[in-house]
Amino acid sequence: MTTAALPPHPLPPAARKARRRSAALGLLAWAAGIGFCLPALWMLLTSFHSEADAATNPPSVAATLTLDGYRSFFGGAGGPTPWPLLINSLSASVLSTVLVLVLALPAAYPLSIRPVRKWTDVMFFFLSTKMLPVVAGLLPVYLFAKNTGMLDNVWLLVVLYTSMNLPIAVWMMQSFLADVPVSIIEAAQVDGARLPTVLARVVAPVAGPGIAATALICFIFSWNELLFARVLTGVVAQTAPVYLTGFVTSQGLFLAQLCAASVVVSLPVLTAGYAAQDKLVQGLSLGAVK
């Protein structure tokens, strides 16, 4: 003897309302995400168009795809090669990020694990250094670089990027190191480990996600910096963002080449973000839930 299947029990009105609200929020999040990605996707599509198709109004979406923009960017038409500029940007960004981490880790240690007196005032001082407009410090830096012969020098950019990113790095790492258990640090000190050993072998591995997040943000800030690189460099130490401004000339805007160059210049940041995405999410979420 078989029994008929019972009809599904209807959800309560509150549950149906919550499900509709969740679905609406999900659709809104997807729409916002697609909206944020559309400019980058349009830039990628335009980079594969010819200059004539890229300049049409309204834009020609189904235009013939070509690699002429990339060939021109990499000097295929007899133009200058961008490799020295990319190497300058990579050198300045990587070296400054390494220096920031080396300096920020021991600076954040006494502000989090071994708090000093009035450590909140110290943190506010670090943050207050970011309140000065960059333009206000441009002339003194330029005069200093000129008088010391450091104009058009990559090492000057390394020092500047290190000083610019160090306050925000100390601020971020202070919150990350605050989640490191003090017991394991005390255990290492009982075993005879000194401060450099504690920082390198105990604190750094535990706070690895936070350090990775800090490094990625400092790298992005250094890679995208334009104002100081524009004023303080010329030919030898010119960076990739400065090179991108050269596509806007008195002859017009070379849109396809500019999009191709922008895609190539964006690849290192996107690659670093993709490679460290798990560490970035863990680092930025440290301390969010107590």
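Residues numbered from 1 in each chain as written. Predicted model: local features only at pLDDT ≥ 70, side-chain atom pairs only at ≥ 80, totals over all residues. Heavy atoms only, no water.

What follows concerns the overall build of the protein chain. Counting its regular elements, the protein chain contains 14 helices and 2 strands. Within the span of the protein chain, comprising 290 residues, buried residues form 33% of the whole. Contacts in the protein chain between residues at least 24 apart in sequence constitute 76% of all its contacts with a sequence separation of at least 6. Put simply, the protein chain shows about 17600 Å² of open surface, and 70% of that area lies on carbon and sulfur atoms. (Helix = DSSP H or I, 4+ residues; strand = E, 2+ residues; numbered from the N terminus. Buried < 20%, exposed > 50% of the residue type's maximum accessible area, 1.4 Å probe, protein only. Contact = heavy atoms within 4.5 Å. Areas by Shrake-Rupley, 256 points an atom, 1.4 Å probe, with all protein chains shown as cover.)

A few words now on a nonpolar patch on the surface. Taken together, the side chains of W30, I34, L38, L41 and L44 make up a nonpolar region of the molecular surface, amounting to roughly 550 Å² of accessible area. Locating L44 in the fold gives a position in helix α1 (residues 13-47). The class for L44 is partly exposed, based on a relative accessible area of 37%. (Patch = residues over 30% accessible without salt bridge, like charges linked within 9 Å, V, L, I, M, F, W, Y side chains within 5 Å. Salt bridge = Lys/Arg side-chain N within 4 Å of Asp/Glu carboxyl O.)

Time to look at the packing of helix α8 (residues 182-190) against helix α9 (residues 195-206). Two elements in contact, α8 and α9, have axes whose closest approach is 11 Å; the angle formed by their N-to-C orientations is 160°. The orientation of α8 with respect to α9, classified from their angle, is roughly antiparallel. In terms of crossing hand, the pair formed by α8 and α9 is right-handed. Contacts between α8 and α9 involve I184, I185, A188 and Q189 on the former and, on the latter, V198, V202, V203 and V206. (Axes fitted to C-alpha atoms, helices over the stretch in contact; angles between N-to-C directions. Parallel < 35°, antiparallel > 145°, perpendicular 65-115°, else oblique. Left-handed = near helix turned anticlockwise from the far one by under 90°.)

Together, R16, K17, R20 and R21 make up a region of like positive charge exposed at the surface. With respect to the helices, strands and loops of the structure, K17 is situated in helix α1. (Lys, Arg positive; Asp, Glu negative; His and termini not counted. Charge placed at Lys NZ, Arg CZ, Asp CG, Glu CD.)

Helix length check: α1, at 35 residues, gives a terminal C-alpha distance of 51 Å against a target of 51 Å (1.5 Å per residue), a fit within 8%. At L38, α1 shows its maximal kink, close to 35°; a proline, P39, follows between one and four residues later. (Expected span 1.5 Å × (residues − 1). Bend = angle between axes of the 7 residues up to and from the residue.)

Between two packed helices, the angle of one axis relative to the other and the distance separating the axes together describe the packing. Axis separation between α9 and helix α10 (residues 208-224) bottoms out at 4 Å; the angle between their running directions is 80°. Classified by the angle between their axes, α9 and α10 sit roughly perpendicular to one another. On α10, the residues that touch A204, P205 and V206 of α9 are G208, P209 and I211. Tallied by class, the residues present in the contact of α9 with α10 amount to 5 nonpolar, 1 polar and no charged. (Nonpolar A, V, L, I, M, F, W, Y, C, P; charged D, E, K, R; others polar.)

When the pLDDT values of the protein chain are averaged, the result is 83; 89% of them are 70 or greater. When mean pLDDT is taken per element in the protein chain, helix α11 (residues 227-232) scores highest with 92 and helix α14 (residues 277-284) scores lowest with 64. (pLDDT = per-residue confidence, 0-100.)

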